[in-house]
Amino acid sequence: MHPWLAHHSVIIIRCKSICLLLEAMRLSQIRATVSSESKPSATLEAALPMEWYTQYWATLEDATQHVALLYPQMLQASLYPDPQHTLCLKVCIIVSLAAQIELHRMPGSYHAESRQKSMCVIVEVIRLLRGLKEDDYAMLEPTLGVSLRVARFS
């Protein structure tokens, strides 16, 4: 795929944001399943396959890069009279941040840096949501509800 299209097509950006959230949820589900099936004496970290960690770090890196790519686009779009495009990018950022929250939440019970990062990302989602105007709510996408549900339960 052409790199410019992958980074500027709203449809592709939206799909990538949702895919990142779904991948984070899949990894979380695998971790929960392994946790429930592992022996009490075994540590969860040892019970998870190495492939899980590879996918975990790749997904976290993808989500971080995706958000870093979207922020300047959202700021640029907000300078032009195109509130729908700006709102769409903001929703994509929120969905991608929800993926980050889920990924940081997993080791957060024993890893202080992950717990702190999760809280920082939650605050960022709140900051973005506070920036919404009353008229924006009528234009929100249904995917935002999914990301907010993830952020709320983290």
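Below: a short report on this structure. This structure is a prediction, so every number in the text was calculated from the model and none was measured. (Residues numbered from 1 in each chain as written. Predicted model: local features only at pLDDT ≥ 70, side-chain atom pairs only at ≥ 80, totals over all residues. Heavy atoms only, no water.)

Some details on the overall build of the protein chain
Logical step 1: Along the backbone of the protein chain there are seven helices and zero strands.
Logical step 2: In the protein chain, which comprises 154 residues, the proportion classed as buried is 39%.
Logical step 3: For the protein chain, contacts bridging at least 24 residues in sequence account for 71% of all contacts bridging at least 6.
Logical step 4: Summing over all exposed atoms, the protein chain offers an accessible surface of approximately 9200 Å²; the carbon and sulfur share of this is 63%. (Helix = DSSP H or I, 4+ residues; strand = E, 2+ residues; numbered from the N terminus. Buried < 20%, exposed > 50% of the residue type's maximum accessible area, 1.4 Å probe, protein only. Contact = heavy atoms within 4.5 Å. Areas by Shrake-Rupley, 256 points an atom, 1.4 Å probe, with all protein chains shown as cover.)

Considerations on the environment of A47
Logical step 1: When you line up the elements, A47 lands in helix 3 (residues 44-47).
Logical step 2: Judged by its relative accessible area of 33%, A47 is partly exposed.
Logical step 3: In this structure the C-alpha to C-alpha distance between A47 and S35, which are twelve residues apart in sequence, comes to 7.9 Å.
Logical step 4: Dropping the residues within four chain positions of it, A47 is found in contact with V34 and S38.

A few points about the packing of helix 2 (residues 10-37) against helix 5 (residues 83-105)
Logical step 1: Two elements in contact, helix 2 and helix 5, have axes whose closest approach is 9 Å; the angle formed by their N-to-C orientations is 15°. Compared by their axis directions, helix 2 and helix 5 come out roughly parallel. Both helix 2 and helix 5 take part in a crossing whose hand is left-handed. In this structure, helix 2 contributes V10, I13, R14, S17, I18, L20, L21, A24, M25, L27 and S28 to the contact, and helix 5 contributes H85, C88, L89, C92, V95, S96, A98, A99, E102, L103 and R105. (Axes fitted to C-alpha atoms, helices over the stretch in contact; angles between N-to-C directions. Parallel < 35°, antiparallel > 145°, perpendicular 65-115°, else oblique. Left-handed = near helix turned anticlockwise from the far one by under 90°.)

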